[in-house]
Amino acid sequence: MLKNKLRLDYHNLRNQLSKQELEDRSLKISNNLIPLSIWHHSFYHVFLSIASKREIDTGYILSILQGKDKNIVIPKMSSNNSLAHFLLTDNTTIIINKWDVPEPIDGLEVPTDKIDVVFVPLLAFDVYGNRVGYGKGYYDAFLRKCRKDVIKIGVSMFEAVDKIEDVSPYDERLHFCVTPNKIYEF
């Protein structure tokens, strides 16, 4: 399938989920992360959920990371279509920006070369580790700036499609994608 068709289809599928189904799937995805061999690292980048887009509730992932006393890094959208990355602390103030994205006002900026693991938002993904995001390229650009050994983990409400047909050379592939039912490794 083509990315635009997948975006439309998976937006519609998300909108059909009840609030309870969203919560149940978010919790299952978070629990399915626990067996991964990623917990020896220090810096974990986690997107904050956009409620209006019915994304996975990453609050569960944040709780796991806090329980393991890890450094949590969260993104902030910059005016030049890129992301800045800030350490999440007890003093971090989160606002909802004009695109409905929760993000920190400011804080201690973390360079991308410090980040070990990135939890990547997506709408759909295929069995090869390619993903479909919202189409603006924020995460692909960010992931290209990370160290070559950064671990990229997608989190998805739904299972993989067979193939995304219009993958670009600029698209960053995932190492894992975790759904409520399965862990995919690529």
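The preceding data block contains the structure.
Let us look at the structure shown here. (Residues numbered from 1 in each chain as written. Predicted model: local features only at pLDDT ≥ 70, side-chain atom pairs only at ≥ 80, totals over all residues. Heavy atoms only, no water.)

Side note on the overall build of the protein chain
Stage number 1. Regarding its fold elements, the protein chain presents four helices and eleven strands.
Stage number 2. Here the C-alpha radius of gyration of the protein chain, 15 Å, is about what a compact globule of 186 residues would show, namely 16 Å.
Stage number 3. Overall size of the protein chain, expressed as C-alpha extent along the three principal axes, is 40 × 35 × 35 Å.
Stage number 4. Evaluated residue by residue, the protein chain yields a buried proportion of 50% over its 186 residues. (Helix = DSSP H or I, 4+ residues; strand = E, 2+ residues; numbered from the N terminus. Rg over C-alpha atoms; globule rule 2.2 N^0.38 Å. Buried < 20%, exposed > 50% of the residue type's maximum accessible area, 1.4 Å probe, protein only.)

Remarks on the layout of surface pockets
Rolling a probe over the atoms, with the probe sized like a water molecule, indicates the empty space that remains.
Stage number 1. Its boundaries defined by the atoms lining it, the largest pocket holds a volume of some 630 Å³.
Stage number 2. Among the secondary structure elements, those contributing two or more residues to the lining of the largest pocket are helix H1 (3-16), strand E2 (71-77), strand E5 (102-104), strand E8 (131-132) and helix H4 (138-145).
Stage number 3. Each residue belonging to the lining of the largest pocket can be placed in one class, and the counts come to 14 nonpolar, four polar and eleven charged.
Stage number 4. Approximately 170 Å³ is the volume attributed to the second largest pocket. (1 Å grid on protein atoms, 1.4 Å probe; cavity = no way out; pocket = protein on both sides within 12 Å on 5 of 7 lines; lining within 4 Å. Points joined across faces, edges and corners; volume = space filled by probe spheres on them. Nonpolar A, V, L, I, M, F, W, Y, C, P; charged D, E, K, R; others polar.)

Points about helix H3 (residues 59-67)
Stage number 1. Inspection of H3 places Ile61, Leu62, Ile64 and Leu65 among the buried residues, and these make up the whole buried set. Projected onto a plane normal to the axis of H3, the buried residues spread over an arc of 160° and lie on a single side. Opposite the packed face of H3, turned more than 90 degrees from it, sit the exposed residues Gln66 and Gly67.
Stage number 2. On the buried face of H3, the contacting elements are helix H2 (19-33), strand E1 (43-46), E2, strand E6 (117-120) and strand E9 (151-155).
Stage number 3. The positive-phi residue at the C-terminal boundary of H3 is Asp69, with phi of around 55°. (Arc of directions from axis to C-beta. Contact = heavy atoms within 4.5 Å.)

Side note on the nonpolar core
Stage number 1. Counting residues in hydrophobic clusters, the biggest one holds 56 residues, and the most contacted among them are Ile38, Val118, Phe119 and Ile153.
Stage number 2. Among all residues touching Val118, those that are not within four sequence positions of it are His45, Tyr139, Phe142, Leu143, Cys146, Val150, Ile151, Lys152 and Ile153. (Core = buried A, V, L, I, M, F, W, Y, C linked by side-chain atoms within 4.5 Å.)

Describing the sheet that holds strand E10 (residues 176-178)
Stage number 1. Pairing within the open sheet is mixed, and its seven strands lie in the order E3-E2-E1-E6-E9-E10-E11. Edge positions in the open sheet fall to strand E3 (83-87) and strand E11 (183-185), since each of these has one partner strand only. Mean inter-strand twist for the sheet, computed between neighbouring axes without regard to direction, equals 25°.
Stage number 2. As judged from the five bridges shared by E2 and E3, these two strands associate in the antiparallel manner. Across the sheet, residue Lys76 finds its bridge partner in E3, namely Ala84. (Pairing = 2+ DSSP bridges. Axes fitted to C-alpha atoms, helices over the stretch in contact; angles between N-to-C directions.)

Observations concerning unusual backbone geometry
Stage number 1. Unlike most non-glycine residues, Arg54 shows phi in positive territory, near 55°.
Stage number 2. With respect to the secondary-structure elements, Arg54 resides in the loop between E1 and H3.
Stage number 3. The backbone phi angle of Asp100 is positive, close to 75°, even though this residue is not glycine.
Stage number 4. Examined against the element boundaries, Asp100 turns out to sit in the loop between strand E4 (94-96) and E5.
Stage number 5. Among the residues examined, Asp100 registers a relative accessible area of 33% and is labelled partly exposed.

Coordinates in, geometry out; function isn't part of it.
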